[in-house]
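Reading the structure
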Amino acid sequence: MTERTSSSTVGIDAIALAAPRTYLDLVDLASARGVPSDKYTKGLGAIRMAIAGRHEDPVSLGTDAASRLFARGGIDPSRIGYVAVGTETGIDHSKPIASYVHGLLGLPPSCRVFDTKHACFGGTAALMGALEWIASGAARGRSALVVCADIARYALGSPGEPTQGAGAVALLVSERPRLLELEIGHTGTFARDVHDFWRPLSRRDALVDGHFSVSCYLDAVAGAFGAWRDEDVRRGGDPLARTAYHVPYVKMAKKADRHRAIACEGLDEAAAEARFAREVAPSLAFAAEVGNVYTGSLYMALAALLHAEAHVLEGARVGLFSYGSGCVAEFFAGRVAAGAAGFARELALDEPLRDRVRLDFDAYEAIRRADGDEPAGVTAGSAVDLPSDRCAFVGIDAAERRVYRRASPASAPRPEGSVARIAAA
Ligand code: CAA
């Protein structure tokens, strides 16, 4: 790997996803809750939502996504010098998820390793740090691993319930990226102290002021996009061909693009509708299958867009909108790299969404009601109900440490030099 030069581009070199093994069909949820199914499938745009089982958590999902990234992307893990996990679903007040992922993947000891938290914005905070780490020259030719991993949970029977989900997205951030060259330093930001969505330390389910959260999101679109556009006009940027949004549920991306079109850009209703169909809808297929994945949601939309359309987007400019409740938002853009279509095909981005198991409603409720009953007193050899190629949360040992099983390599941290074998795992 060569040193960075001033003409280097920096951005997203590779993407991989992980999703829980099981999902709930929204028609089944609607029927159990006595709600017309169209409210969920058309009103919210949700088809299925991923449900994490008792052996799946942000560590196991994040590790699976990163492991797939290395294997599918042909990436040598010894190139990594920065491991950041964006998450809302913390598992410990102190030890970060990134440390587990770093250990389970056997990444080099010479890494900066940490978690970032700001509701659904944590992944973008990690990505921005990675871009600046590389652009500053501090990376010295190394790449950054950014993982977004979350389980979105609301109370059973609450309005938020049909907008749950779970999953992880891993991004490799590098010079001369093979997928998306990002425009470092050209972003529009917006922040405001609001209680639209929050999760006190004692709770596993989020609390949300649902309709207020929608209006906070829309205000943030106007604020962040407006700031980005003012700077873009000054720079003489070319038009965006597509935009990927944070997708708490599919309809929200439509509301966001409509608000931008009508309130910020002066389009009429028909033009806004046509633009959504052309420029945003292609990014929403994975979100309809998985639901909200909080920090990973924007990057899952980007993955869906590249999966569906990279062949017509090489050289085109794509906008990205990240929103974290609380709140903060950022609008930024990138250019799809030459050759991205062929590489996106090799990444098989939709593979983790195939061959999942449909839960019936009772099984879903049983999983949710058992939330928090983590197996105690386990050892690394304790049984788990996941295929052996998946990383699994085994439970809590006698010293209250979380225990994970990963088929290969062993779950214990490994010395630098032994890591190349991971790519073949
Ligand atoms: N057929 C078709 N459509 C129907 C219907 C039917 N039978 N019944 C209702 N609908 C439509 C409604 O018209 C509505 O559409 P519009 O929004 O276009 O008007 C849609 O279905 C939803 O109906 P309601 O607004 O009545 O639904 P609700 O009050 O039960 O809750 C919600 C909706 C507030 C989004 C709720 O699901 C929620 O609280 N979700 C969690 C919070 C969330 O996702 N907020 C998003 C912004 S915050 C964020 O982005 C951060 C994050 O990730 C959480």
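In what follows, the structure referred to is the one given above.
Residues numbered from 1 in each chain as written. Predicted model: local features only at pLDDT ≥ 70, side-chain atom pairs only at ≥ 80, totals over all residues. Heavy atoms only, no water.

Observations regarding the site of the ligand
Lys39, Pro159, His211, Lys251 and Lys255 are the nearest of the 24 residues found near the ligand. In this structure, a nitrogen atom belonging to the ligand sits 3.4 Å away from a side-chain N or O atom of Thr163. When the ligand is considered free in solution it has 1,100 Å² of accessible area, and contact with the protein chains removes 74% of it. Those elements that place two or more of their residues in the shell around the ligand are helix H2 (37-44), helix H6 (210-235) and helix H7 (250-264). (Near = heavy atom within 4 Å. Polar contact = N/O pair within 3.5 Å; in protein donor to acceptor, adjacent residues only side chain to side chain. Areas by Shrake-Rupley, 256 points an atom, 1.4 Å probe, with all protein chains shown as cover. Helix = DSSP H or I, 4+ residues; strand = E, 2+ residues; numbered from the N terminus.)

Examining the packing of helix H3 (residues 58-73) against helix H4 (residues 97-104)
At a closest axis distance of 9 Å, the pairing of H3 and H4 adopts a crossing angle of 45°. In terms of orientation, H3 and H4 fall into the oblique class. Handedness of the crossing formed by H3 with H4: right-handed. For the pair H3 and H4, contact is made by Pro58, Val59 and Thr63 and by Ile97, Tyr100, Val101 and Leu104, respectively. In terms of residue class, the contact of H3 with H4 is built from six nonpolar, one polar and no charged. (Axes fitted to C-alpha atoms, helices over the stretch in contact; angles between N-to-C directions. Parallel < 35°, antiparallel > 145°, perpendicular 65-115°, else oblique. Left-handed = near helix turned anticlockwise from the far one by under 90°. Contact = heavy atoms within 4.5 Å. Nonpolar A, V, L, I, M, F, W, Y, C, P; charged D, E, K, R; others polar.)

Observations concerning the pairing of strand S12 (residues 242-245)
Here S12 shows two buried faces, one formed by Arg242 and Ala244 and the other by Thr243 and Tyr245. Bridge analysis of S12 against strand S13 (residues 317-324) gives four bridges, and the strand direction is parallel. Bridge assignment links Thr243 to a residue of S13, and that residue is Gly319. (Buried < 20%, exposed > 50% of the residue type's maximum accessible area, 1.4 Å probe, protein only. Pairing = 2+ DSSP bridges.)

Structural notes on the environment of Ile47
Its location among the elements puts Ile47 in the loop between H2 and strand S3 (48-51). Spatially, the C-alpha atom of Ile47 lies 31 Å from that of Asp115, the residues being 68 residues apart in sequence. Beyond its immediate sequence surroundings of up to four residues, Ile47 is in contact with Leu24, Asp25, Leu26, Thr41 and Ala288.

Re the packing of helix H1 (residues 26-33) against helix H12 (residues 361-369)
Two quantities define a packed helix pair, namely the angle between the helix axes and the distance between the axes. Contact geometry for H1 and H12: axes closest at 10 Å, N-to-C directions at 85°. In this view, H1 runs roughly perpendicular relative to H12, as classed from their interaxial angle. On H12, the residues touching Asp28, Leu29, Ala32 and Arg33 of H1 are Phe361, Tyr364 and Glu365. Taken together, the residues of the contact of H1 with H12 break down into four nonpolar, no polar and three charged.

A look at the pattern of salt bridges
Oppositely charged side chains can form a pair if their charged atoms are brought close together. Counted according to the given criterion, the structure contains 36 salt bridges. Note that Asp13 is salt-bridged to Arg178, the shortest N-O span being 2.7 Å. Within this pair, whereas Asp13 is found in strand S1 (residues 10-18), its partner Arg178 is found in the loop between strand S7 (165-175) and strand S8 (180-182), the two being separated by 165 residues in sequence. A relative accessible area of 4% means that Asp13 is categorised as buried. Looking at Arg178, the relative accessible area reads 30%, which means it is partly exposed. One salt bridge connects Asp257 with Arg260, and the closest N-O pair in it is separated by 3.6 Å. Remark: Arg260 and Asp257 occur in helix H7; sequence separation between them is three residues, near one turn of the helix. Judged by its relative accessible area of 1%, Asp257 is buried. (Salt bridge = Lys/Arg side-chain N within 4 Å of Asp/Glu carboxyl O.)

Topic: the nonpolar core
Ranked by internal contacts, the top residues of the largest apolar core, which has 126 residues, are Ile15, Leu145, Val173, Leu179, Tyr217 and Phe321. Broken down by element, the residue count for this core peaks at 11 residues, all from helix H10 (residues 297-313). With residues up to four places along the chain from it excluded, the contact list for Tyr217 reads Tyr245, His246, Pro248, Met252, Ala256, Phe321 and Tyr323. (Core = buried A, V, L, I, M, F, W, Y, C linked by side-chain atoms within 4.5 Å.)

Some words on the packing of aromatic side chains
For the structure shown, the criterion picks out 13 aromatic pairs. The interplanar angle of 80° and the centroid separation of 6.2 Å between the aromatic rings of Tyr154 and Phe197 together place this pair among those described as edge-to-face. Note that Tyr154 is positioned in the loop between strand S6 (143-152) and S7 and Phe197 in strand S10 (residues 197-198), a separation of 43 residues in sequence. We note that Tyr154, like Phe197, is buried. (Phe/Tyr/Trp six-rings, centres within 6.5 Å; stacked < 30°, edge-to-face > 60°.)

A look at the sheet that holds strand S2 (residues 22-25)
The strand order across the open sheet built from three strands is S3-S2-S15, with neighbouring strands paired in mixed fashion. Both outer strands of the open sheet, S3 and strand S15 (357-358), are each paired with one neighbouring strand and no more. Bridging between S2 and S15 involves two bridges; their strand directions are parallel. Bridged to Tyr23 within S15 is Arg358. Its contacts with the sheet put H1 on S2, S3 and S15, and the angle it makes with S2 is roughly 55°.

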